[in-house]
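Chain by chain, the residues run as shown.
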Amino acid sequence: MKVNANTMRPGHVMENNGKLWVVVKTQIVQPGKGGAFIQIEMKDVRTGTKTIERFRTQESVERARLDEHEMTFLFAEDGDSYTFMDKETFEQVSIPGDVVGDGKVFLTDGMEVTVQTFEGAPLSVELPQTVTLRITEADPVVKGQTASSSYKPAVLENGVRILVPPHIEAGTRVVVSTAEGEYMERAKD
């Protein structure tokens, strides 16, 4: 599908020079002399190499059409590979860890995810916005730290370290953002 270059945003996937690229960063540049152009930093989906291309703002680029599949996480394999099951066809797919991304530490058995594919090859795995996890370790509260908003370190059941308010104890279930790994709120038990 052809679109104007100035409509491309980070996360969009485009075809350029016979390759598939994911847009990392965009910047519209208006030089003192001449017409404006958009500078797009993009990463090759297959090899991971980065490049920067410039397009005139009215120039058309080929945006790739991706297929989205609702899948369920089953288990992590030996090495850096993860197995998912398509909810429609019940087909099991093994996806490499670099495609799953940094959010792989939040994967739990039975988690519903969205997998984007291009011509059958998985490109990215989108996790839910938040997950509810139990805190296994939390430092004790230091008395006298109530004047300002203070946080203490805690360890989640998956081994991730986060900062939580002082009233949170070990065994408490909390809602964590999968994007930044930040504590969001105390979960209702």
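Just so we're clear, the structure is a prediction, and the values are computed from it rather than from any experiment.

How each quantity is defined
- Residues numbered from 1 in each chain as written.
- Predicted model: local features only at pLDDT ≥ 70, side-chain atom pairs only at ≥ 80, totals over all residues.
- Heavy atoms only, no water.
- Patch = residues over 30% accessible without salt bridge, like charges linked within 9 Å, V, L, I, M, F, W, Y side chains within 5 Å.
- Areas by Shrake-Rupley, 256 points an atom, 1.4 Å probe, with all protein chains shown as cover.
- Salt bridge = Lys/Arg side-chain N within 4 Å of Asp/Glu carboxyl O.
- Lys, Arg positive; Asp, Glu negative; His and termini not counted.
- Charge placed at Lys NZ, Arg CZ, Asp CG, Glu CD.
- Helix = DSSP H or I, 4+ residues; strand = E, 2+ residues; numbered from the N terminus.
- Buried < 20%, exposed > 50% of the residue type's maximum accessible area, 1.4 Å probe, protein only.
- Polar contact = N/O pair within 3.5 Å; in protein donor to acceptor, adjacent residues only side chain to side chain.
- Pairing = 2+ DSSP bridges.
- Axes fitted to C-alpha atoms, helices over the stretch in contact; angles between N-to-C directions.
- Core = buried A, V, L, I, M, F, W, Y, C linked by side-chain atoms within 4.5 Å.
- Domains from an automatic or database assignment.
- Contact = heavy atoms within 4.5 Å.

K.L.:
Looking at this model, I keep getting lost on a negative patch on the surface. Mind explaining?
P.N.:
A cluster of acidic residues, D67, E68, E70, E88 and E126, forms a negative patch on the protein surface. In terms of residues, the negative patch owes the most to one element, strand β7 (residues 67–77), which gives three residues. Within the fold, D67 resides in strand β7. For D67, a relative accessible area of 39% gives the class partly exposed.

K.L.:
Is there a simple way to explain the pattern of salt bridges in this structure?
P.N.:
For side chains bearing opposite charge, pairing can occur when the charged atoms are close. The full count for this structure, using the stated rule, is four salt bridges. Measuring nitrogen to oxygen at the nearest pair gives 4.0 Å for the salt bridge that ties D44 to K19. In this pair, D44 sits in strand β4 (residues 37–44) while K19 sits in strand β3 (residues 19–29), placing the two residues 25 residues apart along the sequence. Here D44 falls in the buried class, since its relative accessible area comes to 3%. Among the residues examined, K19 registers a relative accessible area of 42% and is labelled partly exposed. Note that K50 is salt-bridged to E41, the shortest N-O span being 3.7 Å.

K.L.:
Got a minute to help me understand the side chain of K152 in this structure?
P.N.:
In this fold, K152 is placed in strand β13 (residues 152–156). Of the side chains with opposite charge, E169 comes closest to the buried, unpaired K152, at an N-O distance of 4.0 Å. Among the polar contacts listed, one links the side chain of K152 to the backbone oxygen of I168, at a separation of 2.8 Å.

K.L.:
Mind showing me how you'd approach the sheet that holds strand β11 (residues 121–126) here?
P.N.:
Remark on secondary structure: sheet strands pair via backbone hydrogen bonds, oriented parallel or antiparallel. Taken together, five strands build an open sheet; the order of strands is β9-β8-β7-β10-β11 and the sheet is antiparallel. Lying at the two open borders of the sheet, with one neighbouring strand each, are β9 (92–96) and β11. Direction aside, neighbouring strands of the sheet carry axes that sit 45° apart on average. As judged from the six bridges shared by β7 and strand β10 (residues 112–118), these two strands associate in the antiparallel manner. Each bridged residue has a counterpart across the sheet, and for H69 the counterpart in β10 is V115.

K.L.:
For this particular structure, what's the right way to read the nonpolar core?
P.N.:
Across soluble globular proteins, you tend to see nonpolar side chains buried next to one another. The biggest cluster of nonpolar side chains holds 25 residues, and the ones touching the most others in it are F84, F106, L107, V113, V125 and L156. The set of elements that each furnish at least two residues to this core consists of β7, β8 (81–86), α1 (97–100), β10, β12 (130–138), β13, β14 (161–164) and β15 (173–177). Residue-level mapping places this core at the junction of two domains, with at least three residues from each of domain 2 (67–126) and domain 3 (130–186). Excluding its chain neighbours within four sequence positions, the residues that come into contact with L107 are F73, Y82, F84, V100, V113 and L127. The next biggest cluster of nonpolar side chains, apart from the first, holds eleven residues, and it includes M14, V23, M42 and V61.

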